[in-house]
Amino acid sequence: MSSDTTTPTLSFSTPDVVSCKDAVIVCGVFDGVHKGHQHLIKLACNQAKQHNKRCIILTFDIDPDELMRPAHSEKLMSNEARLYALEHSGADALAVLHFSPECAALSACEFLDSVFADSAPFAIHVGANFRFGAHAQGDNAFLRSWCEERGIQVCVHELFEGEGGVVSASRIRAALQAGNIQLAELLLGHSYELSARVQHGRAQGRTFGIQTANLHIQPAMMLLPEGVYAARCSVDNTCHAPFYSTCSCKGTWYKAAVSLGVSPTFSSEAACTNAALANCEVHILDFSDDIYNSYVRVHFVAHLRALQRFSSTDALIACITNDIAQVKRLV
């Protein structure tokens, strides 16, 4: 596409796909790649197969809220995880638009003109709540009008429902914030997870034989309430890349006790050190490898207890020992 600063940069995941021309396009941000998104993508893929067309998912490289509403940005997935999941969701290709202030300033008409310039697709699939263009001025009525003038089919789909309501990223985020992991995963259609690189922490656990992998989770990803959780985790200590990237390493899954948030027992100490950055501590059961700088992927299973301050090391050890026993029973 043009290098003009007002034209969004578009890149494709598959070398033999270089344009949206005559393809079936499905549009969205797709945070969480949840059951509603999966359903929408499947409908677009089905039409593409029926008409011998390619199905292309069109999305942004970042969630627009990260740029437009950074203080209020809440995410079910990192951008890397989201793009990886979309690339492996059954479509023929993933087309990624670079979201920038210039892109955000485009009117609805300018946005469509720039994205599909000289490459009119066969059809465009969107959800009923799809909005686009500066200040979200573009709606599905405008999209239909723009597409009809160019002979492009538009398929607007009602929002997918499940578990007693519409499946949406906001509903899943609310479920997680209420600590309802089970509902969140039913709506997602896959495990809820966090992943990050292991960094150095307080090393306090070493002194009483309970080592932890210390992770820093971005604030926008901290949706679950602070507390201790039973979880499964996988460690990649070979390629040193995010799990949701080009890395093909799968890893072995281990049982884990996970502390989310900064422990009140060590909060004053953490505030004076780099350990303050570690807001997720993962104790991996039956595991003793050196995994600094590796990536750990955590699937949450159940909430065990709130974070609490301990008056002594013995009381802390006794509580953690009980946490580990619960993890063995639940995971």
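Residues numbered from 1 in each chain as written. Predicted model: local features only at pLDDT ≥ 70, side-chain atom pairs only at ≥ 80, totals over all residues. Heavy atoms only, no water.

Engineer: What's the story with the nonpolar core in this structure? I'm lost.
Structural biologist: Note that soluble globular proteins tend to have their nonpolar side chains buried in a common cluster. Leu215, Val282, Val296, Val298 and Phe300 are the most contacted members of the largest nonpolar core, which totals 35 residues. Of all the secondary-structure elements, those providing two or more residues to this core are helix H7 (169-177), helix H8 (181-188), strand S9 (193-199), strand S10 (213-215), strand S11 (227-236), strand S12 (253-260), strand S13 (280-284) and strand S14 (295-305). With 30 residues, the next largest nonpolar core counts Cys20, Ala104, Ala108 and Val126 among its residues. (Core = buried A, V, L, I, M, F, W, Y, C linked by side-chain atoms within 4.5 Å. Buried < 20%, exposed > 50% of the residue type's maximum accessible area, 1.4 Å probe, protein only. Helix = DSSP H or I, 4+ residues; strand = E, 2+ residues; numbered from the N terminus.)

Engineer: I keep staring at the sheet that holds strand S4 (residues 93-97) and nothing clicks. Help me out?
Structural biologist: The strands making up a sheet associate through backbone hydrogen bonding, with each pair oriented either parallel or antiparallel. Taken in spatial order, the 6 strands of this open sheet run S1-S4-S3-S2-S5-S6, and their pairing is mixed. Each end of this open sheet is capped by a strand with a single partner; those strands are strand S1 (10-12) and strand S6 (153-157). With strand direction ignored, the average angle separating the axes of adjacent strands in the sheet is 25°. The pairing of strand S2 (residues 24-27) with strand S5 (residues 123-127) spans 3 bridges and is parallel. Its bridge partner being in S5, Val24 is matched across the sheet by Ala123. (Pairing = 2+ DSSP bridges. Axes fitted to C-alpha atoms, helices over the stretch in contact; angles between N-to-C directions.)

Engineer: How should the packing of aromatic side chains be read in this particular structure?
Structural biologist: Given two aromatic rings, one states the distance between the centres and the angle between the planes to describe the pair. This model, assessed by the stated rule, comprises 9 aromatic pairs. When the centroid spacing of 5.0 Å and the interplanar angle of 70° are considered together, the rings of Phe60 and Phe99 count as edge-to-face. Separated by 39 residues along the polypeptide, Phe60 in strand S3 (residues 55-60) and Phe99 in the loop between S4 and helix H4 (101-104) bring together distant segments of the chain. One exposure class covers both Phe60 and Phe99, and it is buried. Measuring from ring centre to ring centre gives 6.2 Å for Phe60 and Phe111, while their planes differ by 50°; the resulting arrangement is tilted. Here the residue Phe60 occupies a position in strand S3, and Phe111 occupies one in helix H5 (residues 108-115), the gap between them amounting to 51 residues. Just as Phe60 is buried, Phe111 falls in that class too. Members of the aromatic cluster, joined through ring pairs, are Phe60, Phe99, Phe111, Phe130, Phe132 and Phe142. (Phe/Tyr/Trp six-rings, centres within 6.5 Å; stacked < 30°, edge-to-face > 60°.)

Engineer: Is there a simple way to think about the pairing of S11 in this case?
Structural biologist: It is a general feature of regular strands that their side chains alternate between the two faces of the sheet. Counting buried positions over the 10 residues of S11 gives 9, a clear majority of the element. Pairing between S11 and S12: 8 bridges, direction antiparallel. Within S12, the residue paired with Ala231 across the bridge is Ala256. Pairing analysis gives 9 bridges linking S11 to S14, with the strands arranged antiparallel. The residue of S14 that forms the bridge with Arg232 is His299.

Engineer: Would you explain unusual backbone geometry in this entry?
Structural biologist: Where the residue is not glycine, phi is negative for most of them; where a peptide bond is considered, it is trans in most cases. With phi around 65°, Phe30 is a residue other than glycine that occupies positive phi space. Checked against the element boundaries, Phe30 lands in the loop between S2 and helix H1 (35-50). Given a relative accessible area of 3%, Phe30 falls into the buried group. Unlike most non-glycine residues, Asp286 shows phi in positive territory, near 55°. Looking at the secondary structure, you find Asp286 in the loop between S13 and S14.

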